[in-house]
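Given next are the chains, with one letter for each unit.
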Amino acid sequence: KNEVEQSPQNLTAQEGEFITINCSYSVGISALHWLQQHPGGGIVSLFMLSSGKKKHGRLIATINIQEKHSSLHITASHPRDSAVYICAVHNTDKLIFGTGTRLQVFP
Amino acid sequence: KAGVTQTPRYLIKTRGQQVTLSCSPISGHRSVSWYQQTPGQGLQFLFEYFSETQRNKGNFPGRFSGRQFSNSRSEMNVSTLELGDSALYLCASSLDGQTLGQFFGPGTRLTVL
């Protein structure tokens, strides 16, 4: 079993829909990252959080430390949101990655 | 502030050769971490350097090595290349490699023929 599990693996949506991507982990962590990777490989760090909730534009990330679970929400999705979203947990000075969720948003 | 830069961006090698990849962190960042991304295994941690010392290491064979210079620039070396080493190699820098955020470079795509 992977230490970091993401669901769903693939997600398609129509423009404007509300998107939720989930991440569960089984190890102790000091922080959790949500990353976005566009075709071509570049990775952008969206959020780093260790408790509660963070919001940036149309993106919202939440974490429940007791349940070892985090969610990334995208409101009013847009085709430019199409990318792979990766959850990563910071564990003993290294990052452990989930397998990613491939999101495609159609106009 | 300039971002993390990696050179080269693309590389093609043949089995048995060796390769050196370079990563220049954001100015002031002392921690550099290296990751391998393949379609089958996803992103995996290779190692982390902090102040010229390897501080953490993932589960990769000894063919994978690295170093960090006094200006925090880091190099990663893979010797005796295998077909399975074909991957995107990403480096990320941070101030101290702890809970502060990491900033990723664009990656080097290595193809081993």
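See the structure above.
Cut-offs and rules
Residues numbered from 1 in each chain as written. Chains lettered and ligands numbered in written order. Predicted model: local features only at pLDDT ≥ 70, side-chain atom pairs only at ≥ 80, totals over all residues. Heavy atoms only, no water. Helix = DSSP H or I, 4+ residues; strand = E, 2+ residues; numbered from the N terminus. Rg over C-alpha atoms; globule rule 2.2 N^0.38 Å. Buried < 20%, exposed > 50% of the residue type's maximum accessible area, 1.4 Å probe, protein only. Pairing = 2+ DSSP bridges. Axes fitted to C-alpha atoms, helices over the stretch in contact; angles between N-to-C directions. Salt bridge = Lys/Arg side-chain N within 4 Å of Asp/Glu carboxyl O. Contact = heavy atoms within 4.5 Å. Core = buried A, V, L, I, M, F, W, Y, C linked by side-chain atoms within 4.5 Å. 1 Å grid on protein atoms, 1.4 Å probe; cavity = no way out; pocket = protein on both sides within 12 Å on 5 of 7 lines; lining within 4 Å. Points joined across faces, edges and corners; volume = space filled by probe spheres on them. Nonpolar A, V, L, I, M, F, W, Y, C, P; charged D, E, K, R; others polar. Buried area = accessible area lost by both parts, 1.4 Å probe. Polar contact = N/O pair within 3.5 Å; in protein donor to acceptor, adjacent residues only side chain to side chain.

For the rest of this paragraph, the subject is the overall build of chain B. If you tally the helices and strands in chain B, you get zero helices and 11 strands. Listing each helix as α and each strand as β along chain B from the N terminus yields β-β-β-β-β-β-β-β-β-β-β. For a compact globule of 113 residues, the expected C-alpha radius of gyration is about 13 Å, and chain B comes in at 13 Å, within 12% of that figure. Dimensions of chain B along its principal axes, counting C-alpha atoms only, are 35 × 25 × 25 Å. When burial is assessed residue by residue, chain B has 50% of its 113 residues classed as buried.

To continue, consider the sheet that holds strand 3 (residues 19–25) of chain A. All names here are of chain A. The sheet built from five strands is open, its strands ordered 1-3-8-7-6 with antiparallel pairing. Bordering the open sheet on either side are strand 1 (4–7) and strand 6 (52–56), each of which pairs with just one other strand. Here the strands of the sheet are splayed against their neighbours by 15 degrees on average, with no regard to which way each runs. Where strand 1 and strand 3 come together, four bridges link them in antiparallel fashion. Bridged to Ser-7 within strand 3 is Asn-22.

Within the structure shown, the criterion is met by six salt bridges over all chains. The partner of Asp-81 of chain A in a salt bridge is Arg-58 of chain A, and the shortest N-O contact between them spans 2.8 Å. Placement of the pair is Asp-81 of chain A in the loop between strand 8 (69–74) and strand 9 (83–91) and Arg-58 of chain A in the loop between strand 6 and strand 7 (59–64), with a sequence separation of 23 residues. The closest approach of N and O atoms between Arg-55 of chain B and Glu-48 of chain B, which form a salt bridge, is 2.7 Å. By relative accessible area, Arg-55 of chain B is classed as partly exposed at 30%. Sharing partners across several salt bridges, the network here consists of Arg-63, Glu-82 and Asp-85 of chain B.

Once that is clear, we can look at the environment of Leu-46 of chain A. Residue and element names in this part refer to chain A. You can see Leu-46 is positioned in strand 5 (residues 43–49). Sequence separation of Leu-46 and Tyr-85 is 39 residues, and the distance between their C-alpha atoms is 9.4 Å. Filtering out sequence-adjacent residues up to four positions away, Leu-46 remains in contact with Trp-34, Leu-35, Gln-36, Leu-59, Leu-72 and Tyr-85.

Grouped together as the largest cluster of nonpolar side chains are 24 residues, with contacts concentrated most on Leu-32, Trp-34, Phe-47, Leu-72 and Tyr-85 of chain A. At the level of secondary structure, the elements contributing two or more residues to this core comprise strand 3, strand 4 (31–37), strand 5, strand 7, strand 8, strand 9 and strand 11 (101–106) of chain A. Aside from chain neighbours lying at most four places away, what touches Leu-72 of chain A is Ile-19, Thr-20, Ile-21, Trp-34, Leu-46, Phe-47, Ile-60, Ala-61 and Tyr-85 of chain A. Grouped together as the second largest cluster of nonpolar side chains are 21 residues, Leu-11, Val-19, Cys-23 and Ala-87 of chain B included.

Here we come to the layout of surface pockets. In this structure, the largest pocket encloses a volume near 640 Å³. If you go around the largest pocket, you meet 30 residues; those closest to its centre are Gln-37, Val-84 and Arg-102 of chain A together with Gln-37 and Pro-39 of chain B. For the lining of the largest pocket, the per-class residue count stands at 10 nonpolar, 18 polar and two charged. Glu-3, Ile-96 and Phe-97 of chain A together with Leu-43 and Gln-44 of chain B are the residues nearest the centre of the second largest pocket, which is lined by 18 residues in total. Contributing elements (two or more residues each) for the lining of the second largest pocket: strand 10 (94–97) of chain A together with strand 5 (42–50) of chain B. Taken together, the residues that form the lining of the second largest pocket break down as seven nonpolar, eight polar and three charged.

Right, let's talk about the interface of chain B and chain A for a bit. Across the contact, 17 residues belong to chain B and 16 residues belong to chain A. Both sides of the chain B and chain A interface together cover about 1400 Å² of buried area, and 59% of this is carbon and sulfur. One can count one residue pair in polar contact (both at pLDDT 80 or more) joining chain B with chain A. If one sorts the elements of the side of chain B that touches chain A by residue count, strand 5 of chain B sits on top with four residues.

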